[in-house]
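Now for the letters of each chain:
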Amino acid sequence: MDLVIVESPTKAKTIEKFLGKNYKVRSSYGHIRDLPKSEMGIDIEHNFKPKYVIPTAAKKTVTGLKKDAEKAKTVILATDEDREGEAIAWHLISALKLEKRPIKRIVFHEITKEAIEKALKNPRSLDLNMVDAQQARRILDRLVGYELSPFLWRKVARGLSAGRVQSVAVRFVVEREREIQNFKAEEYWTIDADFKQQAAEQIFEAKLNKIGDKTLEKFDINSKEKAGEILDDLKNVKYTISGIETKETKRNPHPPFITSTLQQEANRRLYFSAKQTMMLAQQLYEGVELGDEGSIGLITYMRTDSVNLSEKFLTEAKSHIASAYGEKYLPDSPRRFQTKSKLAQEAHEAIRPTSVFYEPEKIKQHLNENQYKLYTLIWQRAVASQMSEAIIGSTIVEIEAKKYTFRSNGSIIKFDGFLKIYPTDMKENILPPLEKGEVLDLIKISPNQHFTEPPARYSDASLVKILEEHGIGRPSTYAPTIATITDRGYVERIESRRLKPKEIAFLVNDLLVKHFPNIVDYEFTAKMEDQLDEIAEGKEKWEPLIKDFYKPFKKNLMQKEEELSKKELTEEASDEVCDKCGSPMIIKTGR
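Owing to the predicted nature of the structure, the values given are computational and were not obtained by experimental measurement.

Visitor: Report on the packing of helix H3 (residues 83-95) against helix H5 (residues 128-155), specifying residues and quantitative values.
Guide: Between H3 and H5, the shortest axis-to-axis distance is 8 Å and the interhelical angle comes to 100 degrees. Viewed along their axes, H3 and H5 adopt a mutual orientation that is roughly perpendicular. Of H5, the residues touching H3 (which contributes Arg 83, Glu 84, Glu 86, Ala 87 and Trp 90) are Leu 128, Met 130, Val 131, Ala 133, Gln 134, Gln 135 and Arg 137.

Have a look at this one:
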């Protein structure tokens, strides 16, 4: 009998269904070794050697796995194919004392019979470069957390925390809030008109676009008086169509989801937080009970920055699209998308359904409401990526009156293509059939006052996007980072699900920006992510990276410990006077 070990009991249950009686599948319930919580757990004097312990909660699991391993002919480690999964497999070898036992490491991107059988036929050795990259990240985060957080306790307030990626995320949120606070609204006006053809009923809108040869900029009409002058000049004039331009544009489908785009779109369309999206995606990946079929993995691995699609999926999608919607919805050849990431190291495929034929409506009864919503989004996006482009007809009509030119834009979907199953928020604006030289009836003309608005606070979607754009974090870190900064009390979700920083976030962020600039520097943090990628590729060793970071960090920390006082950081003078003693009062920050 062979023993297969995975991280999750749901995953174990799904895989067990595909394997015969010669296999036993067990779960490690995640990590079975970690750095101790009660101490740093890193030997700084001896090349940052980590000290791993088996947490109390994992001891029973380890005991059970040891017994199963002793009885097994071969132990097969089937943890996820990313750095975290590779590290779990490495820890299992040590904790279960498997170093001298026959071991196989298998990986797959979807939990299906075909994928599991293929993985069993193609085992590989453990990738120690990926393990080193995971260890380096863990050690870096431990050093920052266990040295900088107590500093914040002593200098600001107990219970605060700092982190290599979380503090950068807080900085983004704080800086956006300062932009909002410093924002000054500017006034601008538009001149809007309603027209119709003579002897016709359909009314359409147009905006003043040009005065003479000059196209209007946003603030060209910046007062009620200017708008009034234009309206006075437009009294009793003739409105004639001076130009009509029609054209067709093609709109291509989006690539299938990667981790960041799934989190962004699920937040935008379904209002799911990044954490909620990943939790649901994990459930769909590990397996859902589909009645008589048993537990089935419905999507491929959800931590990925690759947009590749397997040949099997491309074939399935082509067959389904042709039969469900017709040949005209198929492009000339399958669409293949280019991965933008410099190193799509987390997995080798985009997030897609394991089978096109598990259509959302067909399996709806087996999913809870949120699983169904997310699965539908993933299924639609992946299938739509293999459909024809949409053809949009657009019309621009220009209407002249004296030196003034109004413009009306019309659009119509001539062929829906991929929009048939993955609609966007595009709205049609159908204009009546118009001709150049035609004189129009003016129904209404009005000046409208507007004010510029401050930038929006970050949502989960926009924060993930900005982190990704700056190269901060990786697919596996976006959701935990946002969860951490909310759980630790730095930001709160306000009514519109936007992230607003609390007062303590401003204080801690300003302290870190001024006294520990590298910790919250965007370029420094992104460069470190690139170095971790190089470790995963085997191009760099992890110990020098830690050493190069830690020595100046520790030196600066000791210097700031001496220089900064709690009073200086947490007390602020005020104009208030004590009614008992007449002394000036201070504002103090504390718990």
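Visitor: Can you tell me about the packing of aromatic side chains, naming the residues and giving the values?
Guide: Tallied over the entire structure, the rule returns 16 aromatic pairs. Taken together, a centroid distance of 6.4 Å and an interplanar angle of 75 degrees make the contact between Phe 172 and Tyr 458 edge-to-face. Here the residue Phe 172 occupies a position in helix H6 (residues 166-182), and Tyr 458 occupies one in the loop between strand E15 (439-451) and helix H13 (460-469), the gap between them amounting to 286 residues. Taking 6.3 Å as the distance between ring centres and 50 degrees as the angle between the ring planes, the aromatic pair formed by Tyr 550 and Phe 553 counts as tilted. Placement of both Tyr 550 and Phe 553 in helix H17 (residues 542-563) is noted, with a separation of three residues, approximately one turn of the helix. Pair check on accessibility: Tyr 550 and Phe 553 agree, each one buried. Here the aromatic residues Phe 48, Phe 524, Phe 549, Tyr 550 and Phe 553 are joined through ring pairs into a cluster of three or more. Arg 142 extends its terminal NZ or CZ atom over the ring of Tyr 146, reaching a point 3.9 Å from the ring centre.

Visitor: Requested: an account of the environment of Ser 28, with residues and values cited.
Guide: Within the secondary structure, Ser 28 is located in the loop between strand E2 (23-27) and strand E3 (42-43). A sequence separation of 33 residues divides Ser 28 from Thr 61, and the C-alpha atoms of the two residues are 6.5 Å apart. Once residues within four sequence positions are removed from consideration, Ser 28 is found in contact with Ile 5, Val 6, Glu 7, Thr 61, Leu 65, Ile 88 and Leu 92. In terms of polar contacts, Ser 28 uses its side chain to reach the backbone carbonyl oxygen of Gly 30, at 2.7 Å.

Visitor: Got a sec to walk through the pairing of E15? Specific residues and values, please.
Guide: Inspection of the sheet shows strand E7 (residues 187-197) paired to E15 by 11 bridges, in the antiparallel sense. Within the sheet, the bridge partner assigned to Ile 191 lies in E15 and is Pro 447. Where strand E10 (residues 239-251) lies against E15, two bridges are found, and the strand directions are antiparallel. Among the inter-strand pairings, Tyr 239 is bridged to a residue of E15, identified as Leu 440.

Visitor: Talk me through the nonpolar core; I want residue IDs and the actual numbers.
Guide: With 124 residues, the main nonpolar core has Phe 108, Leu 148, Leu 298, Leu 374 and Leu 463 as its most contacted residues. With near-sequence residues (within four places) excluded, Leu 298 lies in contact with Leu 284, Val 288, Leu 290, Arg 352, Pro 353, Thr 354, Tyr 358, Ile 363, Leu 367 and Tyr 375. Ranked by size, the runner-up nonpolar core spans 21 residues in total, among them Ile 191, Ala 193, Ile 241 and Leu 434.

Visitor: Which residues make up the confidence of the model for the protein, and what values do they have?
Guide: Per-residue confidence for the protein gives a mean pLDDT of 94; residues scoring 70 or more make up 98%. Here helix H18 (residues 566-570) stands out as the element of the protein with the lowest mean pLDDT, 83, in contrast to helix H12 (residues 369-384), whose mean of 98 is the highest.

Parameters at a glance
- Residues numbered from 1 in each chain as written.
- Predicted model: local features only at pLDDT ≥ 70, side-chain atom pairs only at ≥ 80, totals over all residues.
- Heavy atoms only, no water.
- Axes fitted to C-alpha atoms, helices over the stretch in contact; angles between N-to-C directions.
- Helix = DSSP H or I, 4+ residues; strand = E, 2+ residues; numbered from the N terminus.
- Parallel < 35°, antiparallel > 145°, perpendicular 65-115°, else oblique.
- Contact = heavy atoms within 4.5 Å.
- Phe/Tyr/Trp six-rings, centres within 6.5 Å; stacked < 30°, edge-to-face > 60°.
- Buried < 20%, exposed > 50% of the residue type's maximum accessible area, 1.4 Å probe, protein only.
- Lys NZ or Arg CZ within 6 Å of the ring centre and 35° of its normal.
- Polar contact = N/O pair within 3.5 Å; in protein donor to acceptor, adjacent residues only side chain to side chain.
- Pairing = 2+ DSSP bridges.
- Core = buried A, V, L, I, M, F, W, Y, C linked by side-chain atoms within 4.5 Å.
- pLDDT = per-residue confidence, 0-100.

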